[in-house]
Amino acid sequence: MAEYLRLPHSLALIRIRNPPVNAISPAVLYGIKEGLQKAVSDHTVKAIVISGADGKFCAGVDIHVFSTPWSSDTGLGDLVDEMQRNKKPVVAAIEGMALGGGLELALGSHYRIAHVQTETGFPEVTLGILPGARGTQLLPRLIGIPAALDLITSGRCILAGEAFKLGILDKVVNSDPLEKGIKFARTILDQPLECRRIMNKTVPNVPNMDAIFSEVFAKVRKQYPGYIAPETCIRAVQASVKHPYEVGIKEEKELAVYLVESGQARALQYAFFAERNANKWSTPSGVSWKTASVRPISLVGVLGKHVGEFLDSPHLHMVRAAIYLVPSGVKFCGKHIAVLAPLILIQVHELFILCVRTGDGNFFFFFFVVLGPELRTYTLSHSTSSQLIEMENILVPRGWGEVVSTFLTISNNGTMNIHVQVLCRHTVFSSLRDSIYVIYIRNFRVSDLAGLDVGWKGRKGQGLTGPALPPGTPARKRGNIRYCPIPDILCESGRFGQKTGKGWYQYDKPLGRIHKPDPWLSKFLSQYRETYHIEPRVISQDEILERCLYALINEAFRILGEGIAASPEHIDVIYLHGYGWPRYRGGPMFYASTVGLSTILEKLQKYYRQNPDIPQLEPSNYLKKLAAHGNPPLKEWQRLAGTPSSKL
Ligand SMILES: CC/C=C\CC(=O)SCCNC(=O)CCNC(=O)[C@H](O)C(C)(C)COP(=O)(O)OP(=O)(O)OC[C@H]1O[C@@H](n2cnc3c(N)ncnc32)[C@H](O)[C@@H]1OP(=O)(O)O
């Protein structure tokens, strides 16, 4: 809701109140409109101040409403225009944040005064939508095309100082902005408003406008491959240059509706809430992130292939900084490791692990990922104090590998043959319709980086290969289960990955980083097929997608059914942050809900019938139980299939 207060000195105050972040719900919108009408019809009111309760101006439209019919026409844009056209000056007194629709309310005001710590921005693009309540038409008029494009396509939030320099804010204050706003409003009661209405301005002209747009299109295509929102945002901004305001806002609306109704917007908004829910874990005994105790660190060690080189590298001081920052925030509760490593596996140049022992003898592992000149730190635990450490915290059982490594390894084992096929068909990759495949490709790069001999050693230890393998064991069977000996054969040929200069790929030199497909692998595969009388066949894109992904999704259902993961959202957050799963697909569980559980079940049944020696394709009981309900929404899964006894 929004409160209306009559203030002394001919002023009225409209205060948005909708905890926790004063998001714009239908009730809030109605409240602001009503307040505006009251102020307009009260002839004793000469100016209006708009603010937010509890130190927060407004975090934008309530994201929950994008899944309701209200989202296709919130009426916020009309309100923003009504504010601009208002004959009485409107002053936005901004504190905390003015994001998305909140910033649009501020742009609809004639003056904007903000506290120095205020954050402003248009984060809509990160939710798969665009600033559709006039944002794409007003911001370019106010600050020019290059700056508006930057803010709208990146979704980045900026502090008041930067917003002031860009021209978004009129004044930045160190004390209570409401007090200052009220004081200021008293000084502008009779000022003309025409020049304060952004809708009346023309977009500042720059000579190379076309080139600017072409460059930004190229930039976002490269930076956010597969995402539709960034390009659509650019189109909306382009409309502000091409058309007068009244036409531009119509185009903005059409583009906004297209995005709101897209599957990508649903996935990205799901991811927003999934991350927040996943962080609210608690153990069956009632321990949560908030109640877990902080443990002092007694020992720190660094493990990793390139540690020697690394310690000489310029990244060292950053590692030290990270170590220094860790102690105040490490939390460990009972038998649980509280957090999971978000490990992004894209163009990884160096990967090593920092091991920390706390005073009570427990260990935490921190993954450091070096991407070119940049060092990113991902942790298995949580540090509240660190700017350097980015993390999501998710509760997993002590054997956390169950959810992460084993998860992928198991699903890979079942589909290794198909992966190898895919790897050899790079042309197929470029035409594959979904970047989810990329995570499979990354597996090969990561295996090469980690060293193929690591897995080989493990398999030898398990008696799956090497001297412990009983004589006469068929090469492609272990018991009744299909086995893929290709990674073992690669190792037997000395192809240990990056360190030997060849593995799944060939590299410029041993320990080199420049990789390219190796014709050796294709030749080897032909011979392999001949040796084992495997009839070559064309594997369709659908089959590749279904066998790779559905095996993984099946495994996720097994983990859920066994109580190893707390919820489908936890699994999705792990995949989003740990494996570079494209965010616009929400995560494997969300993806499953969009495909339909009965479709996934049917396909798995089909592939399992065709390949009864691949247990990963056998549909899990949990999936079967859920599919019996049709395609229930993800939020209902645990209620419908029953909550298994928790392993957390
Ligand atoms: C016609 C279309 C026009 C406009 C479209 C829009 O305005 S779309 C919305 C644009 N705004 C955003 O994207 C802001 C999203 N929120 C945030 O970035 C952060 O939440 C924020 C506001 C910076 C606060 O961050 P903080 O770390 O302090 O808290 P947290 O993220 O945990 O959020 C606290 C709770 O608030 C809920 N929430 C935040 N923003 C919204 C929102 N816009 N709508 C609904 N709910 C929101 C968030 O889920 C948390 O709730 P909880 O129940 O605790 O999970």
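Quick notes on the rules
Residues numbered from 1 in each chain as written. Predicted model: local features only at pLDDT ≥ 70, side-chain atom pairs only at ≥ 80, totals over all residues. Heavy atoms only, no water. Phe/Tyr/Trp six-rings, centres within 6.5 Å; stacked < 30°, edge-to-face > 60°. Helix = DSSP H or I, 4+ residues; strand = E, 2+ residues; numbered from the N terminus. Buried < 20%, exposed > 50% of the residue type's maximum accessible area, 1.4 Å probe, protein only. Lys NZ or Arg CZ within 6 Å of the ring centre and 35° of its normal. Axes fitted to C-alpha atoms, helices over the stretch in contact; angles between N-to-C directions. Parallel < 35°, antiparallel > 145°, perpendicular 65-115°, else oblique. Left-handed = near helix turned anticlockwise from the far one by under 90°. Contact = heavy atoms within 4.5 Å. Nonpolar A, V, L, I, M, F, W, Y, C, P; charged D, E, K, R; others polar.

- An unreviewed UniProt entry annotates the protein as Peroxisomal bifunctional enzyme-like originating from Castor canadensis.

1. Things to note about the packing of aromatic side chains
And then number 1: Going through the model one piece at a time under the given rule, you end up with twelve aromatic pairs.
And then number 2: Ring centres 5.1 Å apart and planes at 70 degrees place the aromatic pair Y111 and F184 in the edge-to-face group. Taken together, the positions of Y111 in strand β6 (residues 111-115) and F184 in helix α7 (residues 177-187) put the pair 73 residues apart, joining distant regions of the chain.
And then number 3: Take Y111: its relative accessible area is 8%, and that puts it in the buried class.
And then number 4: Taken together, the ring pairs connect W520, F524, Y528 and Y532 into an aromatic cluster.
And then number 5: Residue placement shows R276 over the ring face of F272; its charged tip is 3.7 Å from the ring centre.

2. What about the packing of helix α1 (residues 26-41) against helix α2 (residues 76-85)?
And then number 1: Put simply, α1 and α2 touch, their axes get as near as 11 Å, and they point 20 degrees apart. When the interaxial angle is binned, α1 and α2 end up roughly parallel. Helix-helix and strand crossings are classified by hand; for α1 and α2 the assignment is left-handed. Listed contacts from α2 to L29, I32, K33 and L36 of α1 are L76, L79, E82 and M83.

3. Quick look at the packing of helix α4 (residues 135-143) against helix α10 (residues 245-260)
And then number 1: Between α4 and α10, the least distance of the axes is 8 Å, while the angle of their chain directions is 135 degrees. Looking at the two axes, α4 sits oblique to α10. Side by side, α4 and α10 meet where G135, T136, Q137, L138 and R141 of the first sit next to Y245, G248, I249 and E252 of the second.
And then number 2: Across the contact of α4 with α10, the residue classes tally to three nonpolar, four polar and two charged.

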